[in-house]
Amino acid sequence: MTKTAVNLLWTGGLDSTFRLLEALLIEKRVVKPYYMLDTARFSLRNEIKAMSKIKDLLFEKHPFTKELLLPIEYVDVDDIKTDQTIQKAFKELSSIRHLGIQYRWLAEFCVEHGIKDLELGIIRKGEASDHGEALSESLDPFIEPIDSDEKVYKINTEKTKADGSQKAMLYEKVFENYHLPIITYSKKDMVEMAKKNGWMDFVGLTWYCHRPRKFKYPCGKCNPCKTAKQEGVAKKTPLIRWKYFYKEKYS
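Per-chain numbering applies: the sequence of each chain, read as written, is numbered from 1 onward. In keeping with the predicted nature of the model, local features appear solely for residues at pLDDT of at least 70, side-chain atom pairs appear and are counted solely at 80 or more, and the whole-chain, interface and lining totals rest on all residues. Side-chain numbers come from the whole structure's heavy atoms, not from hydrogens or water.

Peer 1: Is there a simple way to think about the sheet that holds strand E7 (residues 178–179) in this case?
Peer 2: In space, the 5 strands of this open sheet follow the order E3-E2-E1-E4-E7, with parallel pairing throughout. If you trace the sheet from one side to the other, it starts and ends with strand E3 (73–76) and E7, each paired once. Strands pair, by our definition, only if DSSP identifies at least two bridges between them. Secondary structure elements follow DSSP: runs of H or I of four or more residues count as helices, runs of E of two or more count as strands, with numbering from the N terminus. Bridge count for strand E1 (residues 6–9) against strand E4 (residues 118–119) is 2 bridges, and the pairing is parallel. Within E4, the position partnered with Leu-8 by the bridge is Glu-119.

Peer 1: Explanation requested: the pairing of strand E2 (residues 31–37) in the structure shown.
Peer 2: Put simply, side chains in a regular strand alternate between the two faces of the sheet. Exposure is judged per residue with a 1.4 Å probe applied to protein chains only, and the accessible area is read against the type maximum: over 50% gives exposed, under 20% gives buried, and values in between give partly exposed. E2 sits mainly inside the fold: 6 of its 7 residues count as buried. Of the strand pairs in this sheet, E1 and E2 are connected by 4 bridges, and their pairing is parallel. Residue pairing across strands places Leu-9 opposite Tyr-34, the latter belonging to E2. Classification remark: right-handed applies to a crossover when, strands pointing away from the viewer, the course from the first strand over the helix to the second runs clockwise. After leaving E1, the chain enters helix H1 (residues 14–26) and then returns to the sheet as E2, a path that is right-handed. Across 4 bridges, E2 lies against E3 in parallel orientation. Looking at the pairing, Met-36 lines up with Val-75 of E3. The β-α-β motif built from E2, the intervening helix H2 (residues 44–61) and the parallel element E3 has right-handed crossover chirality.

Peer 1: Mind showing me how you'd approach a positive patch on the surface here?
Peer 2: Among the surface-exposed residues, Arg-45, Lys-49, Lys-53 and Lys-216 lie close enough to one another that they form a single positively charged patch. Residue placement: Lys-53 occurs in helix H2. Look at Lys-53 and you get partly exposed, because its relative accessible area is 41%. The patch calculation keeps residues exceeding 30% relative accessible area without a salt bridge and links them within 9 Å when they carry like charges or within 5 Å when they are nonpolar (Val, Leu, Ile, Met, Phe, Trp, Tyr). The Shrake-Rupley method, run with a 1.4 Å probe sphere, supplies the accessible areas, and residue values consider only the shown protein chains as cover. Every case where a carboxyl oxygen of Asp or Glu lies within 4 Å of a side-chain nitrogen of Lys or Arg is listed as a salt bridge. Charged residues are defined here as Lys and Arg on the positive side and Asp and Glu on the negative side; His and the ends of the chain fall outside this count. Lys charges are placed at NZ, Arg charges at CZ, Asp charges at CG and Glu charges at CD.

Peer 1: Just checking my understanding: could you explain the side chain of Ser-16 for this structure?
Peer 2: Take Ser-16: it is sitting in helix H1. On the basis of relative accessibility, which here comes to 5%, the residue Ser-16 falls in the buried class. In terms of polar contacts, Ser-16 uses its side chain to reach the backbone amide nitrogen of Thr-11, at 3.1 Å. We call two residues in contact whenever any of their non-hydrogen atoms come within 4.5 Å of each other. Setting aside residues no more than four positions away along its own chain, Ser-16 makes contact with Leu-8, Leu-9, Trp-10 and Thr-11. By the criterion applied in these results, polar contacts are pairs of N or O atoms within 3.5 Å in which, for protein atoms, one can donate a hydrogen and the other can accept it, and in which residues neighboring in sequence qualify only through two side-chain atoms.

Peer 1: For this particular structure, what's the right way to read the packing of helix H3 (residues 84–96) against helix H7 (residues 166–175)?
Peer 2: Packed helices, taken two at a time, are described by the angle their axes make and the gap between the axes. Here H3 crosses H7 at 130°, and the two axes come no closer than 9 Å. It follows that H3 is oblique to H7 by the angle criterion. Along this stretch, H3 crosses H7, giving a crossing that reads as left-handed. Across the interface between the two elements, Thr-85, Ile-86, Ala-89, Phe-90, Glu-92, Leu-93 and Ile-96 of H3 pack against Gln-166, Lys-167, Leu-170, Tyr-171, Lys-173, Val-174 and Phe-175 of H7. Under the convention adopted here, Pro, Cys and the residues Ala, Val, Leu, Ile, Met, Phe, Trp and Tyr are nonpolar, Asp, Glu, Lys and Arg are charged, and Gly plus all remaining residues are polar. When the residues that make up the contact of H3 with H7 are grouped by side-chain class, the tally is 9 nonpolar, 2 polar and 3 charged. Interaxial angle, 0 to 180 degrees, is taken between N-to-C directions of lines fitted to C-alpha atoms, where a helix line uses only the stretch in contact. Any angle from 65 to 115 degrees is called roughly perpendicular, while one under 35 is roughly parallel, one over 145 is roughly antiparallel, and all others are oblique. In this scheme the crossing of two helices becomes right-handed for a clockwise turn of the near helix relative to the far one and left-handed for an anticlockwise turn of less than a right angle.

What follows is the structure in structure tokens.
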């Protein structure tokens, strides 16, 4: 049986890079990566640089991945066709809980291009946020595994309809075209699995800080940086490399 290709949102961060490695090196599947080009994103060039380094190392260490990893499709968010229904649902859902604007762009992109299985790196308790519960917790009542392996999850419309609440319908509309392959993992889980699989050199190339200082160094204050510290993996990721992160040592 031919395995379907993976449509993956790749950002060069730990979560999406872990999924990239899992799909390529363990599942041996073709991967089509997508990256959303938002020129207002401070970490844009850091993420693109990280993806380039990770890809080069992949091809060097695992040459067979040259046949599996398709070119990254860079999507300018300003070119995504507006969908009024999604915009309305996103606005209403955002009034209930904090939600990054990327989820609107991605939902509109999926509708515009007929993609119903874009893999997102939403993880278990993945947001060290001041805005309430983690997105994985919010989605939990409405998702189920897509197959017997109980690994990849997605929105189950029967669950949202059975719930019947406005919130359930909004989650369905915004998240219905996504697959969630790592929603049961934490960052700590992924680092431990990366260790076992010999992937730590790839982990060391990842980037996730949203507001790098001087467009070069992790800030240590944004939600991704907080998450890394909270989950006890900050010293196993690029944060350890920059002395300013430990202010008490270098102030």
